[in-house]
Amino acid sequence: MKMLARILGGVVALLVVLGVLERVAPQPMARGLVSLQRTSSGLELKKAQIPGFDIPYLEGGPAEGEPLVLVHGIGADKDNFDRAAMFLTPTMRVISIDLPGFGEASKPMDADYGIPKQVERLDQFLTALNIPKAHLGGNSMGGWIIASYAAAHPEKVSSLWLIDAAGVGTGKPSEVRTAYESRGEFMLFSKTPEDFDRVLTTVMSKPPYLPYSVKHVISQRAFADYDLHTRIFADLFKAAPQTILEPKVKGLAIPTLITWGAEDRATDVSGADVLHKLLPKSEVHVLEGIGHLPQLEASRPVAKRYLDFRAKL
């Protein structure tokens, strides 16, 4: 009993120390926790260069075979896929990138971050890694980019995984879109670090637990990127009539899994049906009670459905 008491006392003391460090030294603690999450998901941090940009990315899984390349949404980064990657890397090569303008990638304020330019940069990234053909997955703006990429380069894409994809012009307007159109409000971005919790509840119905240090660092970065990311959002919205997905992907015969959260406030779930009707080799997976980031809110079922989809190819 004394030994058990000592062990429990040691555990409590360790937790207290970690709790103090979370607040005293949030940046190194956050780096350590994020690194631990990546390691547990079988991912390793790497970096590539394309013209004008450094592109950090995460990679893991078996080296052979065509990789699954994952592209995040606006305001997000490569770590948005860490939790889902835990279930994918045991059987497939997974690469998750930071798009130019986001995460730890280069972010020149005067660069063009429109969909055509990001499609071009995705192609440059794949070329830099000597990847002639890949399976592509993308969430939100990332889904818009990879679907546009597949329409431009169908010979380079083995399959698509569209997760709450943006860029659907004929679906029901989302709450986020309506707020911007009617009030000029940017619901997806934090004008102050304290506003980050509101953003989390906007994009997720069931936000996963985030340690204090990780949330602190992410909220500080979101605040620092507010001017750039709201400008990118406004530019994407302005250019949408020329870049929406419907005319690009109609009849595109690439196997596609369309994943969507039924409670998505950023890209309305009606977009899933729009894309399903346009893509002849698509199937749909709608998750009840889930928001805009299913890969974070429901990592296990989302990854399992993707594995089932890939097994049928």
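Below or above, wherever it landed, is the structure these notes cover. (Residues numbered from 1 in each chain as written. Predicted model: local features only at pLDDT ≥ 70, side-chain atom pairs only at ≥ 80, totals over all residues. Heavy atoms only, no water.)

1. Here we look at unusual backbone geometry
Positive phi, normally seen in glycine, also occurs at Asn-130, with a value near 55°. Position of Asn-130 among the secondary structure elements: in the loop between α4 (115-128) and β5 (134-139). Owing to a relative accessible area of 65%, Asn-130 belongs among the exposed residues under this scheme. (Helix = DSSP H or I, 4+ residues; strand = E, 2+ residues; numbered from the N terminus. Buried < 20%, exposed > 50% of the residue type's maximum accessible area, 1.4 Å probe, protein only.)

2. Let's talk about the sheet that holds strand β2 (residues 53-60)
Taking strand neighbours across the sheet as the criterion, the eight strands line up as β1-β2-β4-β3-β5-β6-β7-β8 in an open arrangement whose pairing is mixed. Of all strands in the sheet, those bounded by a partner on one side alone are β1 (44-50) and β8 (282-287). Averaged over all pairs of adjacent strands, the angle between strand axes in this sheet comes to 20°, irrespective of strand direction. (Pairing = 2+ DSSP bridges. Axes fitted to C-alpha atoms, helices over the stretch in contact; angles between N-to-C directions.)

3. Regarding the side chain of Arg-310
Within the element layout of this structure, Arg-310 appears in helix α13 (residues 299-311). Here Arg-310 occupies a buried position and makes no salt bridge, while the nearest side chain of opposite charge, Glu-66, is found at 6.5 Å. Other than its neighbours up to four places away in sequence, Arg-310 contacts Glu-66, Leu-68, Met-92, His-135 and Ser-159. (Lys, Arg positive; Asp, Glu negative; His and termini not counted. Salt bridge = Lys/Arg side-chain N within 4 Å of Asp/Glu carboxyl O. Contact = heavy atoms within 4.5 Å.)

4. Focus: the nonpolar core
Counting residues in hydrophobic clusters, the biggest one holds 66 residues, and the most contacted among them are Ile-74, Ile-97, Leu-122, Phe-125, Leu-136 and Leu-275. Per element, the largest residue contribution to this core is seven residues, and it comes from helix α5 (residues 141-152). When sequence neighbours within four positions are dropped, the list of residues in contact with Ile-74 reads Phe-102, Met-141, Leu-188, Phe-189, His-229, Ile-232, Phe-233 and Leu-236. Leu-58, Phe-81, Leu-257 and Phe-309 belong to the second-largest nonpolar core, a separate cluster that totals 19 residues. (Core = buried A, V, L, I, M, F, W, Y, C linked by side-chain atoms within 4.5 Å.)

5. Observations concerning the pattern of salt bridges
Tallied over the full model, the rule gives 19 salt bridges. Each of the salt bridges in this network shares a partner with another, and the network as a whole consists of Lys-46, Glu-59 and Arg-93.

6. A word on the environment of Thr-91
In this fold, Thr-91 is placed in the loop between α3 (82-88) and β4 (94-97). Put simply, Thr-91 and Met-109 are 18 residues apart on the chain and 39 Å apart in space, counted from C-alpha to C-alpha. Here Thr-91 is in contact with Pro-62 and Leu-307, once residues within four sequence places are set aside.

7. Examining the packing of aromatic side chains
If you walk through the whole model with that rule in mind, you get nine aromatic pairs. Ring geometry for Trp-161 and Tyr-306: centres 4.2 Å apart, planes at 15°, overall stacked. In this pair, Trp-161 sits in strand β6 (residues 157-163) while Tyr-306 sits in helix α13, placing the two residues 145 residues apart along the sequence. Across the pair, Tyr-306 and Trp-161 agree in class, each one buried. A network of ring pairs unites the aromatic residues Tyr-180, Phe-186, Phe-189, Phe-233 and Phe-237 as a single cluster. (Phe/Tyr/Trp six-rings, centres within 6.5 Å; stacked < 30°, edge-to-face > 60°.)

8. Considering the packing of helix α2 (residues 26-40) against helix α8 (residues 212-224)
Where α2 meets α8, the axes come as close as 8 Å, and the angle between the chain directions of the two elements is 105°. In terms of orientation, α2 and α8 fall into the roughly perpendicular class. Facing α2, whose interface residues are Pro-26, Gln-27, Met-29, Ala-30, Leu-33 and Val-34, α8 presents Ser-213, Val-214, His-216 and Val-217. Per-class residue counts for the contact of α2 with α8 are seven nonpolar, three polar and no charged. (Parallel < 35°, antiparallel > 145°, perpendicular 65-115°, else oblique. Nonpolar A, V, L, I, M, F, W, Y, C, P; charged D, E, K, R; others polar.)

9. Some remarks on the pairing of β6
Where burial is concerned, most of β6 is hidden: seven out of the seven residues are buried. Taken together, the six bridges between β5 and β6 define a ladder with parallel strand orientation. The residue bridging His-135 from the neighbouring strand is Ser-159, located in β6. Tracing the backbone out of β5, into α5 and back to the parallel element β6 gives a crossover that is right-handed. Inspection of the sheet shows β6 paired to strand β7 (residues 256-261) by four bridges, in the parallel sense. Along β7, the bridge assignment pairs Trp-161 with Leu-257. (Right-handed = clockwise from strand over helix to strand, strands pointing away.)

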